[in-house]
Amino acid sequence: MAYLSREQLMEMGFKFLGRDVQISAKASIYNADLIEIGDYSRIDDFCVLSGKISMGRNVHIAVFCNLAGGSEGITIEDFAGIAYGSHIFSQSDDYSGQALTGPTIPEKFKKETKKAIRIGKHCIVGTGSLIFPGVILGEGTSVGALSLITKSTEEWSIYFGVPAKKIKNRQRQLLELEKEYLSEFPNESDVIEFKK
């Protein structure tokens, strides 16, 4: 996987760009001026990011993911991961037939749902999952592969299914590893800030 150089990333005009960020040369980034990316985060091949997006440190977006932040935004907190082929949408058309749909239609003819999404610290979203507008994944939530998340989740819980349901609690031992990791890689950043 070939990553863009620091110079190439700076030229894109991100709102905020942390230390040692890696973005594949094969990823597509739209509205970079609305996107914040924290230290040590990585975006892999064939991902599409657009609209308002804020990512914390050590966030990983795996191959073929689609993050559509729109106007309301997607927030992904520290140490969260989005696995292969997952989709996160902060807005959605009305499928009832009461309005026209699609990006080519003026707003006055549409009836979109627009709600911010928050993915908490230490969340992991399994391969091929879909997250709908307005969802808040509580800290430490684990979502199994091919899940459909339409409602917010409890912290430190494991969810799976279509629609996703809580199946059990999630362990918290990783919090001790986080402390050890942060002692070696502190949260001090030589952050480059762009247009605000």
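Only a predicted model underlies this, so the values are computations on that prediction, with no experimental measurement involved. Along each chain, residue indices are assigned from 1 in the same order as the chain's sequence is written. With pLDDT at 70 or above as the cut-off, local features in this predicted model cover only qualifying residues; side-chain atom pairs require 80 or more to be listed or tallied, and sums for whole chains, interfaces and linings still use all residues. Hydrogens and waters are ignored; side-chain quantities use all the structure's heavy atoms.

Asks: Account for the sheet that holds strand β17 (residues 130-131), with residues named and values stated.
Replies: Pairing is parallel in the open sheet, where six strands are placed in the order β3-β6-β9-β12-β17-β20. Edge positions in the sheet fall to β3 (28-29) and β20 (148-149), since each has one partner strand and no second. DSSP-based pairing: two strands are paired if at least 2 bridges between them are found. Helix and strand assignments come from DSSP, with helices taken as H or I runs of at least 4 residues and strands as E runs of at least 2, each series counted from the N terminus. Pairing of strand β12 (residues 87-89) with β17 involves two bridges; the strand directions are parallel. Directly across from His87, in β17, lies its bridge partner Leu130.

Asks: Account for the layout of surface pockets, naming residues and giving values.
Replies: Where empty space is left becomes clear once a probe the size of a water molecule has been rolled over the atoms. Of the two site types, the cavity is a set of points on a 1 Å grid over the protein atoms alone where a 1.4 Å probe fits but cannot get out, and the pocket is an open set with protein on both sides within 12 Å along at least five of seven lines, each lined by residues with an atom within 4 Å of a point. Grid points are joined across faces, edges and corners, and a volume is the space filled by probe spheres set on the points. As a volume, the largest pocket reaches approximately 300 Å³. Contributing to the lining of the largest pocket are 13 residues, with Phe89, Gln91, Ser92, Asp93 and Glu112 lying nearest its centre. Residue polarity follows a fixed list, in which Ala, Val, Leu, Ile, Met, Phe, Trp, Tyr, Cys and Pro are nonpolar, Asp, Glu, Lys and Arg are charged, and the others, Gly among them, are polar. Among the residues making up the lining of the largest pocket, the classes are represented as six nonpolar, four polar and three charged.

Asks: Can you break down unusual backbone geometry residue by residue, with the values?
Replies: The omega torsion across Val162 and Pro163 is -10 degrees, close enough to zero to call that bond cis. By the secondary structure assignment, Pro163 is in the loop between β21 (157-161) and β22 (164-169). With a phi angle near 65 degrees, Phe79 is a residue other than glycine that sits in the positive phi range. With respect to the element layout, Phe79 can be found in the loop between β10 (74-76) and β11 (81-82). The backbone of His122 sits at a positive phi, close to 65 degrees, despite the residue not being glycine. We call a residue buried when its accessible area falls under 20% of the maximum for its residue type, exposed when it is over 50%, and partly exposed in between, using a 1.4 Å probe and counting protein chains only. Take His122: its relative accessible area is 7%, and that puts it in the buried class.

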